[in-house]
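# Coordinates in review
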Amino acid sequence: MATQITPTLSTIERLLDEVDEYSGRLEKIRTKLSRLRRGSEAYLDLLPDLEVVLDVLRSKAEHAHEALEDFEESLPDTE
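Report on the accompanying structure. On a predicted model such as this, the values are computed, not experimentally measured, just so you know.

Here is what the cut-offs are and how they apply
Residues numbered from 1 in each chain as written. Predicted model: local features only at pLDDT ≥ 70, side-chain atom pairs only at ≥ 80, totals over all residues. Heavy atoms only, no water. Helix = DSSP H or I, 4+ residues; strand = E, 2+ residues; numbered from the N terminus. Expected span 1.5 Å × (residues − 1). Bend = angle between axes of the 7 residues up to and from the residue. Contact = heavy atoms within 4.5 Å. Phe/Tyr/Trp six-rings, centres within 6.5 Å; stacked < 30°, edge-to-face > 60°. Lys NZ or Arg CZ within 6 Å of the ring centre and 35° of its normal. Core = buried A, V, L, I, M, F, W, Y, C linked by side-chain atoms within 4.5 Å. Buried < 20%, exposed > 50% of the residue type's maximum accessible area, 1.4 Å probe, protein only. Salt bridge = Lys/Arg side-chain N within 4 Å of Asp/Glu carboxyl O.

### Regarding helix H2 (residues 41-74)
In this model, H2 (34 residues) spans 51 Å end to end at C-alpha, consistent with the 50 Å of a helix rising 1.5 Å per residue. At Pro48, H2 is deflected by roughly 25°, the largest bend along its length. Taken together, the buried residues of H2 touch helix H1 (9-34).

Next comes the structure, spelled out in structure tokens:
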């Protein structure tokens, strides 16, 4: 049986920093796409980059979400 380690707030903040980083990468690609004619070769060439960034962003956001949930579950009940 594996022992679960509760993430610290510092760890959660680092995970959120990574989410912010990839959110910025997504914004840069979207800006590039907005300057191109939709459906053009250059536009279509950026779509794989968009897909990768979205996949990494989804993964990092899920990881941060799970870490935050684990942290919240570790807090004592205040009832």
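From this point, the narrative continues.
### Some remarks on the packing of aromatic side chains
If you walk through the whole model with that rule in mind, you get 0 aromatic pairs. One residue, Arg25, lies across the ring of Tyr22, its end atom 4.3 Å from the ring centre.

### Describing the nonpolar core
Formed by 15 residues in total, the largest nonpolar core has its most connected members in Leu26, Ile29, Leu33, Leu50, Val53 and Leu57. Take this core: its biggest share by element is 8 residues, from H2. With sequence-adjacent residues up to four places away left out, Leu26 is seen in contact with Leu50, Val53, Leu54 and Leu57.

### Digging into H1
Across its 26 residues, H1 extends 37 Å between first and last C-alpha, which sits within 8% of the 38 Å expected from 1.5 Å per residue. Among all positions of H1, only Ile12, Leu15, Val19, Tyr22, Leu26, Ile29 and Leu33 are buried. Looking at the buried positions of H1, the neighbouring elements they touch are H2.

### Focus on the pattern of salt bridges
Counted under the stated rule, the structure contains 4 salt bridges. Note that Lys60 is salt-bridged to Glu18, the shortest N-O span being 2.9 Å. With a gap of 42 residues between them, Lys60 in helix H2 and Glu18 in helix H1 connect regions that are remote in the sequence.

### Some details on the environment of Asp70
By secondary structure assignment, the location of Asp70 is in helix H2. Considering only alpha carbons, one finds Asp70 and Leu57, 13 residues apart in sequence, at a separation of 20 Å. Apart from residues no more than four positions distant in its own chain, Asp70 is found in contact with Gln4, Thr6 and Pro7.

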